[in-house]
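Examining the three-dimensional arrangement
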Amino acid sequence: MINKEESLLSLLKNKPIVIWGARMTGMGFLRFSKAHSLSVINFIDSDPALLGKKVNNTIVREPRDLVNLKRINPDLVIIIAVSLKEDEIIKVLKTMDFVERDFVLYSDYCDVFYTIDIVGTCNLRCASCAYSIDGQKASKGLMSFEDFKLVISKMKSEVNIVTHVSLYNWGEPFLHPELNKIINYLHDNGIATAVSSNLSIASGEQIKKVIRSSPEYLKVSLSGYYPDVYDTTHAGGDINLVKSNLYRIRYFIDKFGADTLVDVNYHLYTNNNGKNLQKMQELCNELDFSLSTVNSLVMPLERVMDYCDGKEDIKTKELNKILPVTIDEGISVVSGFKSDICPFKSNQVNINYDLTVPVCCTVFDRKNTIVSENYLEMTLDDINLGKKKIEICKKCIDIGLPAYNMGFNRKGWDEIASQKLSTDK
């Protein structure tokens, strides 16, 4: 059997490297590079929120800088380290006259990306999230630290390279009392860590412990600066608490010298993309955090499929009124990107807190979507075979929901959103 890690190291040895993708997959590769004394000179990313910033102490440059970097470093190798949208990046590279020998798809070597939802609940009931659905009988609980260690051991035994793990899907990981131990354990195993939080957490001690452990990536999800707007879409949260926690994070990053990228993920609605967005951007500038905007979606997958079947619930109907891009508009704008291949299913393994394995990260209802009742008791090959038997996937692909959930054709989304006036001027 070919050892993919050895093949990759042989290919990259003594070569100057840039990593296209300054988020979690790229951060994972950077940790891998440092562990093997590879020479990474820059990140490349098209997200304006990251340009010019240091991500894990490595500068992020924009794609057009590649031409000059190649001129200075003739042996330059571009590692495309993203979990999605590889084809779009390759098209951009070819427009700049790069050829296939100039770049490497990291997914050819690290071909499985893992998400572990270590917490099976959330403290908020955000309008666009599965946890807001009335009558939803979601399983609740925490993954034990012992089970977590067994999960990581199995991962490493089944694939050559595991460089990063995301510790969230639907749940709020900051509710896990041993989150810092989990991050430390991943780092001890050479694995980079991504954490996401609504940050409406009344525990400065938990924040202190997590930042001391220095996760590579911390995404903070919010949808406003002022309470009257934030409360409409992040129900149960406290934006003033969130803002104070952002200051705490800045303090602890500076105190401990943590190498954590804090990315404020601002969910856009028609009631928050004026004054609220401006004030949050000012706060992020003050704290030197990145702010990334995303057009809000209705989740989970089953909820959107019900809508497409004419079974629109009241909350979805109300939410659709303030979306910058409605469900119908979003599905239409990505219609040219429909594919029979779903990246959510083909290269991701998602593990719930109770070790069950759903077919992908976008489903929530456990009925007819669970591939394995126990990740530890089923091989990776059997999990992948099981995914092919999930009937909901065909309908999802026929509608075009993978491209919808990935937000393909961002330009098209933004053109639609720009035609709708903000109500928070």
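These remarks concern the structure in this document. (Residues numbered from 1 in each chain as written. Predicted model: local features only at pLDDT ≥ 70, side-chain atom pairs only at ≥ 80, totals over all residues. Heavy atoms only, no water.)

Concerning the pairing of strand 10 (residues 217-222)
For clarity, the threshold we go by: Buried means the residue's accessible area, taken with a 1.4 Å probe over protein chains only, is under 20% of the maximum for its type, while exposed means over 50%, and partly exposed covers the values in between. Strands are runs of DSSP state E lasting at least two residues, helices are runs of H or I lasting at least four, and both sets are numbered from the N terminus onward. For two strands to count as paired, DSSP must find a minimum of two bridges between them. Handedness of a crossover is defined as follows: orient the strands so they point away from the viewer, and if the path from the first strand over the helix to the second runs clockwise, the crossover is right-handed.
By the criterion of burial, strand 10 is predominantly enclosed, with six of the six residues buried. In this sheet, strand 10 lies alongside strand 9 (residues 192-197) in parallel orientation, the contact comprising four bridges. From the neighbouring strand, Ser-197 faces strand 10, where its bridge partner is Val-220. In the classification by handedness, the crossover that spans strand 9, the intervening helix 7 (residues 204-213) and the parallel strand 10 is right-handed.

Regarding the sheet that holds strand 4 (residues 58-61)
Inclusion rule: In what follows, residue pairs with any heavy atoms lying within 4.5 Å of each other are defined as contacts. Simply put, an axis is a line fit to the C-alpha atoms, just over the touching stretch for a helix, and the angle between two N-to-C directions goes from 0 to 180 degrees.
Taken together, six strands build an open sheet; the order of strands is 3-4-2-1-5-6 and the sheet is mixed. The open sheet has two free edges, formed respectively by strand 3 (54-55) and strand 6 (103-105), since each of these has just one partner strand. Contacts from helix 2 (residues 24-35) reach strand 1 (16-20), strand 2 (39-44), strand 3, strand 4 and strand 5 (77-80) within the one sheet, and its direction differs from that of strand 2 by about 170°.

Regarding the pairing of strand 1
Counting buried positions along strand 1 gives five out of five residues, so the element sits mostly inside the fold. Neither face of strand 1 is left uncovered, since the one carrying Pro-16, Val-18 and Trp-20 and the one carrying Ile-17 and Ile-19 both have all their residues buried. Direction of pairing for strand 1 relative to strand 2: parallel, over a ladder of five bridges. Residue pairing across strands places Trp-20 opposite Ile-44, the latter belonging to strand 2. With helix 2 bridging strand 1 and the parallel strand 2, this β-α-β connection has right-handed handedness. Of the strand pairs in this sheet, strand 1 and strand 5 are connected by four bridges, and their pairing is parallel. Following the sheet pairing, Trp-20 is matched in strand 5 by Ile-80.

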